[in-house]
Amino acid sequence: MDYGGNIRNAIIEHLRTYSAYDLPAICERLQIPCNNELDPMHSKATYLKSGINKLNDKDLIALVKAIVCDDDCPEFVENVDRYLQEQLFEITTITRRKVINWIAEQNDLEGNIRIVDFLNRVWDLKKMPSIYHMVNREEDILQHMVRNNDLSYMELMEDVLKVIYVSDQTFKKFIEALVYPDVRDINRQQEYVLQLNQILKDDGYILMPTNYISGNSIYTLNKHVRGVNSTVKNIIFAGIGGKPDIVLEDSLSNSIEVVDNGVDCLVYNQPISANGLKWRELVTWWSNQDNYSEEMADKFFDRMLKSMDSAPEKNFMWVYYQCFVKERNMPDIPALIPQVYCHYDPKSAKMRKGTVYVHQRMDFLILFSERERVVVEIDGKQHYSDKSVIEVLDNGETKNKVYCIANSRKYAEMVEDDRKLKLYGYNVFRFGGYEIMNSQYPKQKIIDFFEKLFELYHVNF
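Residues numbered from 1 in each chain as written. Predicted model: local features only at pLDDT ≥ 70, side-chain atom pairs only at ≥ 80, totals over all residues. Heavy atoms only, no water.

1. A closer look at the pattern of salt bridges
Under the criterion given, the structure shown has 18 salt bridges. Close ionic contact of R97 with E158 constitutes a salt bridge, the shortest N to O distance being 2.5 Å. Taken together, the residues span a long stretch of sequence, with R97 in helix α6 (residues 93–106) and E158 in helix α9 (residues 153–160) at a distance of 61 residues. For E158, a relative accessible area of 28% gives the class partly exposed. The closest approach of N and O atoms between K299 and E295, which form a salt bridge, is 3.6 Å. (Salt bridge = Lys/Arg side-chain N within 4 Å of Asp/Glu carboxyl O. Helix = DSSP H or I, 4+ residues; strand = E, 2+ residues; numbered from the N terminus. Buried < 20%, exposed > 50% of the residue type's maximum accessible area, 1.4 Å probe, protein only.)

2. Digging into the packing of helix α14 (residues 311–326) against helix α16 (residues 443–456)
At a minimum axis separation of 10 Å, α14 and α16 run at an interaxial angle of 70 degrees. Between α14 and α16, the interaxial angle falls into the category roughly perpendicular. Note on packing geometry: the crossing formed by α14 with α16 is right-handed. Residue-level contacts link N315, F316, V319, Y320, C323 and F324 of α14 to K443, I446, I447, F449, F450, E451 and F454 of α16. (Axes fitted to C-alpha atoms, helices over the stretch in contact; angles between N-to-C directions. Parallel < 35°, antiparallel > 145°, perpendicular 65-115°, else oblique. Left-handed = near helix turned anticlockwise from the far one by under 90°. Contact = heavy atoms within 4.5 Å.)

3. Points about the packing of aromatic side chains
What describes a pair of aromatic rings is the distance from one ring centre to the other and the angle between the planes of the rings. Overall, the coordinates contain 24 aromatic pairs when judged by the stated rule. When the centroid spacing of 6.5 Å and the interplanar angle of 65 degrees are considered together, the rings of F118 and F174 count as edge-to-face. Remark: F174 occurs in helix α10 (residues 168–178) and F118 occurs in helix α7 (residues 115–119); sequence separation between them is 56 residues. Consider the rings of W279 and Y320, whose centres lie 5.8 Å apart with planes at 70 degrees: the pair is edge-to-face. Remark: Y320 occurs in helix α14 and W279 occurs in helix α12 (residues 279–287); sequence separation between them is 41 residues. The pair W279 / Y320 is uniform in exposure class, with both members buried. Taking the ring centre of Y192 as reference, the NZ or CZ of R184 above it sits at 3.8 Å. (Phe/Tyr/Trp six-rings, centres within 6.5 Å; stacked < 30°, edge-to-face > 60°. Lys NZ or Arg CZ within 6 Å of the ring centre and 35° of its normal.)

Okay, here's the thing in structure tokens:
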């Protein structure tokens, strides 16, 4: 990419603001190969050009990033951002603009404390030069937001603080300050956390509670590494009648087709949004209608139940649908998708001589986003034991009794598949089939699980 002299000139103009005495040490720290025979006291521009003109485009980008990390310089970043686009920050300027647009709409940026006290937690306002011919940036804010009240939150963030162009480190401090416990009460804090996480997750960041003060959470903005890197192409699920016969309809685009072999199987092949796959979306897709209706949702739920043979699995699905989708009127929660093929092999384990994945189907899959995928398994006896028929004498008569005998091989295969899923990036939760039986009154246990799961993934419910 040819940046011309624009970025070089911007770097030179920025570094010329430092004293000639300090320039050699600054250039050494930034690894700019300046000619040390030149005297910056004579000409700072000539001294800087001797090193900067030696850098190629890749080195220039690295230098800009080093300057941004070395010190907050939003005016400089604003000058070069038009050339480097989204290469400067981990939290992009697009995401930052979404954040400040949302904050500006809230009208409570500083929360329960004074505006300058809040901002001084992030910036040293008294050391920042004034932009309104006052003593410093703190006086700018006091004059136009406290005394006169003629500066909006948007103008504060865009023009006075240039939040879009501060370093990642400063931006993270700003986000964390927004949700600090003494800034807003717990309910408002949670609203901020939920909305900010919805915006920040596109860049792979999330606010997570890392400490507590007076019983309230302190949040830290961290890189969110949990999740699967690959893109969802097809969700093959809810099969009735055995294993589907699948062919590649178009191998170049990974388009598949279920060949008619008496198996009723669903294949969802729509893009997954940043907000995951919602129950509403799945129902409207299946019903081939533009709008969601309870009638079609009931029919879709019945269709899902038909794909499940296990009573505990049906109980699990029933609580999700009845207690959350219907009673709480929450069709926009992430869809609970039953009987999903994760590993698919058209051949049997016998044909593969034992090298095929043992458990090809997941009991349930939830997509909180394309990356954030949760698997729920309901383990019946078949997951860890074998049936054995033993002849016994009862009053002189021979009868058959069925016993379940623990099978360590089956258990080992199950936990091995768990490890594979987790290493791919899936989050796996297991229930024992017994605890979801009707006799165990599992309704509240399942409700508690979904509430905690939705809270973990910041679903508003």
